[in-house]
Amino acid sequence: MGASGAKIGSKAMSKGIPIQEPKGKLGVLLPGMGAVATTFIAGVEAVRRKLGLPIGSLTQMGTIRLGKRTEKRVPTIQQFVPLASLDDLVFGGWDIRDENCYETACHGGVLERHLLEQVRGFLEGLRPMPAVFDQNYVRRLNGTHVKQGQTKWELAQMLQEDIENFRTRTGVSRTVMVWCGSTEIFLKPQEVHQNLENFEGGLKENHPAIAPSMIYAYAALKMGVPFANGAPNLTVDIPALVELAKQNSLPIAGKDFKTGQTLMKTIIAPGLKARLIGLSGWFSTNILGNRDGEVLDDPESFKTKEESKLSVLEHILQPSLYPDLYKDFTHLVRINYYPPRGDNKEGWDNIDIFGWLGYPMQIKIDFLCRDSILAAPIVLDLVLFMDLAQRAGMRGIQEWLSFYFKSPMYAPAVYPEHDLFIQLMKLKNTLRYLRGEELITHLGLEYYD
Ligand SMILES: NC(=O)c1ccc[n+]([C@@H]2O[C@H](COP(=O)([O-])OP(=O)(O)OC[C@H]3O[C@@H](n4cnc5c(N)ncnc54)[C@H](O)[C@@H]3O)[C@@H](O)[C@H]2O)c1
């Protein structure tokens, strides 16, 4: 933390949760080094070299109000909590394609060549390790750069060795893993996922309900590495891995980065609900032409994504509490793979709403979006916040990071919180809590006494 941060936090230091200082380098391991991962890595290097700004990142550009409005204490989040600095990030990862990050970023076509050329040497130095991959779980991909093992257990051991070798080679003091791999087929939680004993047995017996992403999550947690999941696959969202995370005192988070259309949905839906405006239907359609779009063209992978995207409105609008406004609305989501668009997706939303006396109205949104540009700052914030959580002794599901996910993981006793503004308040209040600052309720009656 910088000097100004120490000053701002000094009042709170004695009260807050003890947090270890971020000493040494922070390893960032990414299973799946495709468009999102390389846009994130190239972006961090570009920011380090002052070639661009980390726009969209709360950890880099956000502020946090402390105390009463009259106190005028608004430090940056970076000053307020001890986060690792961008200069301390060291990258590694796995992919089924044996090409360096410069080549992948060029093929991805997200960042412009003139920017990539300026960070070329750095990106060329990053080459993925051979992946744990099985085409049964991502039908549209065919991998050559993959590990061979007799059992899933053996593959998990190989990943643990990779993590150990990465640590030794780079000398990092801490490591975080974020799944940036393709969306796997839809899997329902089963007996083998219910506890760690079953899961480890399943690894040894090659149980078909254990997907590659789960093997990475298991290996990470065994090695003391916090794990976040950027795709909608179950992955770490199973009781067995929650158990392992708690056992090893590690934070976990997921699922599915909240970018593009769902981000818009969680901005607009809370606004409609706040004004008690009714909804009769929400039709969302997308065209995109990147590899993610190609993978999602497979119905099994699309099903995983669809489930993730559909749950959002139900939870925000709460039809059981507001049957006159939100009972039986139609919600459809379509994604079409359309190669000419590359990563520059177009998402249309048609929203049928109704107001006073039931009079109908419509909202149309046409979002010309850049998926990986919206996802990269999320990866960065998750890396830094998961590392913070780890140093603050927070373990298990990190619900305060729901802000970043389409399908946030949540405790069995509650429903997931999807409203972006509640999620942001929860995130900032968690930071205030960590530093022993008063939580902000926005009551504010005292200003009018
Ligand atoms: N871009 C966004 O806005 C966004 C938003 C939410 C979620 N996501 C999810 O993030 C993930 C990455 O998106 P992307 O646009 O970078 O896709 P991408 O296809 O460019 O990258 C995914 C990479 O994962 C690799 N991969 C697949 N299975 C693997 C395995 N088992 N081990 C290691 N590597 C593996 C692929 O070879 C590919 O390089 C996808 O699951 C996507 O659904 C992206």
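Residues numbered from 1 in each chain as written. Predicted model: local features only at pLDDT ≥ 70, side-chain atom pairs only at ≥ 80, totals over all residues. Heavy atoms only, no water.

A.B. asks: Where do I start with the sheet that holds strand β8 (residues 330–337) in this structure?
C.D. replies: In sheet architecture, strand pairing relies on hydrogen bonds along the backbone and comes in two forms, parallel and antiparallel. Taken in spatial order, the 4 strands make up an open sheet running β8-β7-β9-β10, and their pairing is mixed. The strands lining the two open edges of the sheet, one partner per strand, are β8 and β10 (360–370). Mean inter-strand twist for the sheet, computed between neighbouring axes without regard to direction, equals 10 degrees. With 11 bridges connecting them, strand β9 (residues 344–354) and β10 associate as antiparallel partners. Across the sheet, D349 pairs through a bridge with I365, a residue of β10. (Pairing = 2+ DSSP bridges. Helix = DSSP H or I, 4+ residues; strand = E, 2+ residues; numbered from the N terminus. Axes fitted to C-alpha atoms, helices over the stretch in contact; angles between N-to-C directions.)

A.B. asks: Looking at this structure, I do not really get the pattern of salt bridges. What am I missing?
C.D. replies: Two side chains with opposite charge may pair up if their charged atoms get near one another. As enumerated under the stated definition, the model contains 26 salt bridges in all. The closest approach of N and O atoms between K147 and D162, which form a salt bridge, is 2.6 Å. Of this pair, K147 sits in the loop between β3 (129–130) and α8 (152–170) while D162 sits in helix α8, and the two are 15 residues apart along the sequence. The same class applies to K147 and to D162, which are both buried. (Salt bridge = Lys/Arg side-chain N within 4 Å of Asp/Glu carboxyl O. Buried < 20%, exposed > 50% of the residue type's maximum accessible area, 1.4 Å probe, protein only.)

A.B. asks: Sorry if this is basic, but what is going on with the sheet that holds strand β1 (residues 26–31) here?
C.D. replies: Strand order in the open sheet formed by 7 strands is β3-β2-β1-β4-β5-β6-β11, with parallel pairing between adjacent strands. Strands at the two margins of the open sheet, each flanked by one partner only, are β3 and β11 (396–397). Alignment of β1 against strand β2 (residues 89–95), held across 6 bridges, turns out to be parallel. Considered in β2, the bridge of L29 is made with G92. Relative to β2, α8 is tilted by about 150 degrees, and along the sheet it contacts β1, β2, β3 and β4 (174–179). (Contact = heavy atoms within 4.5 Å.)

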